4 protein chains.
Amino acid sequence: MDRVPVAVVGASGYTGAELLRLLLSHPQVVIAGLYGRRAAGERLAAVFPQFAGRLDLPIEAFSADEVARRAQVAFCALPHGESSPIVRDLYTRGLTVLDLSADLRLRDPATYETWYGRAADPLAQQAAYGLPELAGHPLRGQRLFAVPGCYPTAALLVLAPLVRAGLVEPAGLIVDAKSGVSGAGRAPTAGTHFSEVGEGVHAYQVAAAHRHTPEIEQELGASSVVFTPHLVPMSRGILATCYAQPTDPERPGAAYREALAQFYRERPLVTVVDAPPDTAHVRGSNRAHVFAALDPRARRVIAMCALDNLGKGAAGQAVQCMNLALGFPETAGLDAVGMFP
Amino acid sequence: MDRVPVAVVGASGYTGAELLRLLLSHPQVVIAGLYGRRAAGERLAAVFPQFAGRLDLPIEAFSADEVARRAQVAFCALPHGESSPIVRDLYTRGLTVLDLSADLRLRDPATYETWYGRAADPLAQQAAYGLPELAGHPLRGQRLFAVPGCYPTAALLVLAPLVRAGLVEPAGLIVDAKSGVSGAGRAPTAGTHFSEVGEGVHAYQVAAAHRHTPEIEQELGASSVVFTPHLVPMSRGILATCYAQPTDPERPGAAYREALAQFYRERPLVTVVDAPPDTAHVRGSNRAHVFAALDPRARRVIAMCALDNLGKGAAGQAVQCMNLALGFPETAGLDAVGMFP
Amino acid sequence: MDRVPVAVVGASGYTGAELLRLLLSHPQVVIAGLYGRRAAGERLAAVFPQFAGRLDLPIEAFSADEVARRAQVAFCALPHGESSPIVRDLYTRGLTVLDLSADLRLRDPATYETWYGRAADPLAQQAAYGLPELAGHPLRGQRLFAVPGCYPTAALLVLAPLVRAGLVEPAGLIVDAKSGVSGAGRAPTAGTHFSEVGEGVHAYQVAAAHRHTPEIEQELGASSVVFTPHLVPMSRGILATCYAQPTDPERPGAAYREALAQFYRERPLVTVVDAPPDTAHVRGSNRAHVFAALDPRARRVIAMCALDNLGKGAAGQAVQCMNLALGFPETAGLDAVGMFP
Amino acid sequence: MDRVPVAVVGASGYTGAELLRLLLSHPQVVIAGLYGRRAAGERLAAVFPQFAGRLDLPIEAFSADEVARRAQVAFCALPHGESSPIVRDLYTRGLTVLDLSADLRLRDPATYETWYGRAADPLAQQAAYGLPELAGHPLRGQRLFAVPGCYPTAALLVLAPLVRAGLVEPAGLIVDAKSGVSGAGRAPTAGTHFSEVGEGVHAYQVAAAHRHTPEIEQELGASSVVFTPHLVPMSRGILATCYAQPTDPERPGAAYREALAQFYRERPLVTVVDAPPDTAHVRGSNRAHVFAALDPRARRVIAMCALDNLGKGAAGQAVQCMNLALGFPETAGLDAVGMFP
């Protein structure tokens, strides 16, 4: 079978590099072009030396016609606000488009406008929310995906099964999330300077200030989720520690873990674990480790999910969506084991 | 004025070393002796090279009579269960004793027995809980302190003022805490091995399994606190992110911060900050940074405290107790600024 | 074509886990058995949670007959001194054996005895030194490999081409090496405790004390190499910074880089880079980045090599040897790009 | 005795913050003013939250007259090239000035021009090189100091005693240095971005490209020193690993350590250690740990120095110079023990 040609638009960021790393080992695709703005004109290995000797392609200035001529699939790893016009250009030219920005993730235009301060793109109505394990329908043939980011993916993978099964209340949910620094991207800022974030931990965008909050609420059918992101001195990884009220306080603790096991019993990329999950065990993989327990004194459910923010939280998830859309095996190019240590 | 001679029992652990670092720069005490079990017979600098050229003392085998002969104050930085007999020996010989173990922290013997699985030491009834900012009475002249550990100190410093002022409900509290690795002590274990804990974050002793839970409840007068400790890849620091239900959902968010400011307005070692606190800013200091905000959508109070687990969370707090007990200035030896970066 | 069954003996250490990670994605082999001593009887995922949901095999007690019955190839990732008897048992049963210990690396028995303090195993005379890029002959059909460790591989990959081409003197070489902590293995020790090695750098086994020194000398045909290993606060990676005397002080600096490029022009897993190499760019890969420059004032050659100590410095190199021995493509299972960031 | 008023010019960088941390605990000075350019108009605690609740001063725009009115001593922690005009303004107004830039460190104008590409400031002829342990004369009364940076201080502290005693050749010296990231300052750059430098090690400015090289040569009276700086994933610390040719190859190894001990026997802030020094043991202190050994096979001396790049490598050293210039005890404000862990 011929390999499907794919393009990566936004190849000079961390998500772009992770897409290339995964696509290079994918047995059914071939990388047909790299596009970027700031890095246009440079060779990939000059921007990301890990590709030296392995993938020698130039990063080119974006042209929708050119991408459409070369590729059948496009991954767009662009900043929020810049993405949807480019996505539209590619989608209308017939490509399958995986948008990794937030531009198309919220279905309610008013919610988008409230949180992002600008008009929603109507294209959002045609995009599938690209979290395959939670999609209620087959993704085969779908041509447009709004791939969720790392925080919502982590929170949703462990909370959605419990909410949907009616085991926990959709109200009063708390998501206390801990992220590695690569989630902030490659542009140097005071908040990502080594000496500022090394050997310390802190929260940011506290108290309903983080834009991932409405995304979590949308997919859970919940309102007023408390979401507190924290920055941890590591490059990769997200751990979401979630607190929820059980619908039946007398239900035994094992029920929560069993609900997760039942929900994911046929999904190859989510594993229910018996001990609190560690982001180090899923680093570099497209796997999520989920866990749930009941605090027997407080009658509160504590549910956790660990994943790699650049893998299952971004690039890997986009590849997984492509696999399903094109009818490839779901784990094609995605079955690498976490790099531990 | 003559300097008061002090002894450190348990000088070969991290808390012992931090005590020595602080006491060396304390203007009103002199280090009269170091005691340890495993390291007895060694010079301090062989065990902790940072003291080379600065403090050249041997670590000696413990003898209560010998300590009593040399010192007026003893800091006991010993493992739980080993500490209280030694504390008793020193206390009955007339010394002021700062016990940094958990042996004497719980006032209710039944609670102690439930969580620690052995009989409580009746000496606990005579010990002051050594968290000076929350003590309701002067500590001058007090001779026995159960100095709290890092997790309770962090949670209590920010929650107690809010609970005591009636601003948040004492029921339903959640403490999601993030700790550096030095809190686990100096003995090498799988859980503290660099390659296991580097570049990852995970929770441990989840769902009412951690022994600091009852200590937090005792001092808050709260029941069934949810306490979830996490390990973060850094050596020092505790961040407690706490979630609480406001008693009046319509109360404006500024009220919580103001309550903290009011509570600490005359306390030199706790600072109310405007942005989410970072453990990196209090590293090596005896200072706590506290913060509170209201999530306006969920009507939930988010309160945080950052401190150094070896400083305000252990050694520094013990020195602060000694200062108050002996009538020294509260900040004597404790006014160093956090080492950032 | 049927996949070749392979066994991993010593599956509970970091090198064992890395072997399994690589072999799982190798298109021409199948994992036929895992063996270990301490972990015998446990499931792999209980020992290494990154395999949960991906490889569910037990770790079994070693039996040479059983391994021989199941597998055609055995990787032995065992401690020095314990390895060679097991290697012999498997080799005499007809398996292709990749020994990752130091037991068979030194060809001169007297040198082995001097540095290791026990008698050399005569089997060493039959083992190929498993550094494929430097082997002077084809490895196809070779059945026994002494796979070199991370330090010699890093030093040799950049120094051997320069020495062999006569560009630098074999006398007076200095290798200043910086290693991540995973090179010390998984057993917790004071020297690998997070709080001891985090946020610091130090040398160890200085001044002809490290056993990798004679291995470097053997393969270079050099004597009295100065080798200084350092421990750096990261999990993976080796950087060897080497200093050498040019044979002709007037030779232009570009000659050294060109010699490397010439030497490696047909080797797929070593890349000559233009800027000083960074271990972060080869993390998780089987690739080495090499670099050389001339200090124009001091007339000294500075040559560097960066690799992953668990990849090209251990597990990856062993897989590469197997590939060549069995006639597989050299990069089979080894073409993953470094995981950066 | 009245405290001496001191000013810090350049208070918004890491060296400025470290100066303030040290000066705050100095018993004989008082901080009279903070000056900065970018941060002018802000409160110190807004720029460096570790000072919240401890030092509440504004950062002001620089005015030489104003500084001279308020302070007797000025510390200038400014970028190279910007510093010397300000230093001159303060020096001519009668202040004692500690210049932490490179502007005045090189005595030979031609050397300065070669390495910095601009004309040397003649004021350099009046500045004392501020490395007190190596000054051949008393510093009492000296009013102008060019305080050396972290790399030269580390290399010189261990090499100068050996060169001066005639134990090692001044030719052929190699300095392989490993630095924490804070040495690069507080301005965010690609090279100091957490995800770029975490979990990796690399050299930079290799082969006679780093401007600290001539400074090392000047103070050693050596020519053509090979100096290779490396970046290590930690915030603070410098380790210089130096290689030198003994003048007498038959001299016993103990002689080198003894020479260091003899040289530093009356110096309170340099300690000769028996094991390879670790930067973690001097973190936050003004102490240097030095070490020397002979490789008995290669007949090469390996000499090391560990210090804190912001302490003894910058701010601490400047305070030490001030102490000597003003006749304070050398260790005033500088006797803190390294913060380990």
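Higher on the page you've got the structure.
Just so we're clear, the structure is a prediction, and the values are computed from it rather than from any experiment. (Residues numbered from 1 in each chain as written. Chains lettered and ligands numbered in written order. Predicted model: local features only at pLDDT ≥ 70, side-chain atom pairs only at ≥ 80, totals over all residues.)

Caption draft 1: Seen up close, the relation of the copies chain A and chain B. Note on the identical chains: chain A maps onto chain B by a rotation of 180° and an axial translation of 0.0 Å, with an RMSD of 0.0 Å. As the rotation angle and translation indicate, the two copies are arranged about a two-fold axis. By residue overlap, the copies meet face to face through one surface: 100% of the interface positions of chain A are interface positions in chain B. (Least-squares fit on C-alpha atoms with pLDDT ≥ 70 in both. Contact = placed C-beta atoms within 7 Å.)

Caption draft 2: Structural view of the sheet that holds strand E14 (residues 300-307) of chain A. Residues and elements named next belong to chain A. If you walk across this open sheet you meet the seven strands as E9-E10-E8-E11-E14-E13-E12, and the pairing is mixed. Because the sheet does not close on itself, it has two edges, and the strands there are strand E9 (202-203) and strand E12 (270-272). Pairing of strand E11 (residues 238-244) with E14, which is carried by seven bridges, proceeds in the antiparallel orientation. By the bridge assignment, Ile238 is partnered in E14 with Leu307. Seen against the sheet, helix H6 (residues 150-164) touches strand E8 (174-179), strand E10 (226-231), E11, E12, strand E13 (288-295) and E14 and runs at an angle of roughly 40° to E11. Most of the contacts of helix H9 (residues 254-263) go to E13, to which it runs at about 155°, and overall it touches E12, E13 and E14. (Pairing = 2+ DSSP bridges. Helix = DSSP H or I, 4+ residues; strand = E, 2+ residues; numbered from the N terminus. Axes fitted to C-alpha atoms, helices over the stretch in contact; angles between N-to-C directions.)

Caption draft 3: Spotlight on the relation of the copies chain D and chain C. It takes a turn of 180° to lay chain D on chain C, together with a shift of 0.0 Å along the axis; the resulting RMSD is 0.0 Å. Interface residue correspondence from chain D to chain C reaches 100%, placing this contact among same-surface, isologous pairings.

Caption draft 4: View of the sheet that holds strand E13 (residues 288-295) of chain B. Residue and element names in this part refer to chain B. Taken in spatial order, the seven strands of this open sheet run E9-E10-E8-E11-E14-E13-E12, and their pairing is mixed. Lying at the two open borders of the sheet, with one neighbouring strand each, are strand E9 (202-203) and strand E12 (270-272). Judged from the six bridges that link them, strand E8 (residues 174-179) and strand E11 (residues 238-244) form a sheet pairing that is antiparallel. Counted as the bridge partner of Ala177 is Ala240 from E11.

Caption draft 5: Local environment of the environment of Thr92(A). If you trace the backbone, Thr92(A) turns up in helix H4 (residues 83-92). Separated by 28 residues in the primary sequence, Thr92(A) and Ala64(A) place their C-alpha atoms 9.9 Å from one another.

Caption draft 6: Molecular detail of the interface of chain A and chain B. Listed by partner, the interface residues are 42 residues for chain A and 42 residues for chain B. The set of elements that each furnish at least two residues to the side of chain A that touches chain B consists of E8, helix H7 (194-197), E9, E10, E11, E13 and E14 of chain A. A class-by-class count of the residues in the side of chain A that touches chain B yields 23 nonpolar, 10 polar and nine charged. (Nonpolar A, V, L, I, M, F, W, Y, C, P; charged D, E, K, R; others polar.)

Caption draft 7: Representation of the interface of chain D and chain C in the model. Taken together, the contacts link 42 residues of chain D with 42 residues of chain C. When contributions to the side of chain D that touches chain C are tallied by element, the ones reaching two or more residues are strand E8 (174-179), helix H7 (194-197), strand E9 (202-203), strand E10 (226-231), strand E11 (238-244), strand E13 (288-295) and strand E14 (300-307) of chain D. Its residues assigned to classes, the side of chain D that touches chain C shows 23 nonpolar, 10 polar and nine charged.

Caption draft 8: Spotlight on unusual backbone geometry. Between Phe340(B) and the following residue, Pro341(B), the backbone shows a cis peptide bond with an omega angle of 0°. Residue position: Pro341(B) is located in the segment after helix H10 (311-326). Unlike most non-glycine residues, Ser224(C) shows phi in positive territory, near 55°. Assignment of secondary structure puts Ser224(C) in the loop between helix H8 (213-220) and strand E10 (226-231). The phi dihedral of Arg299(D) falls on the positive side, at around 50°, and the residue is not glycine. Looking at where Arg299(D) falls in the secondary structure, it is placed in the loop between E13 and E14.

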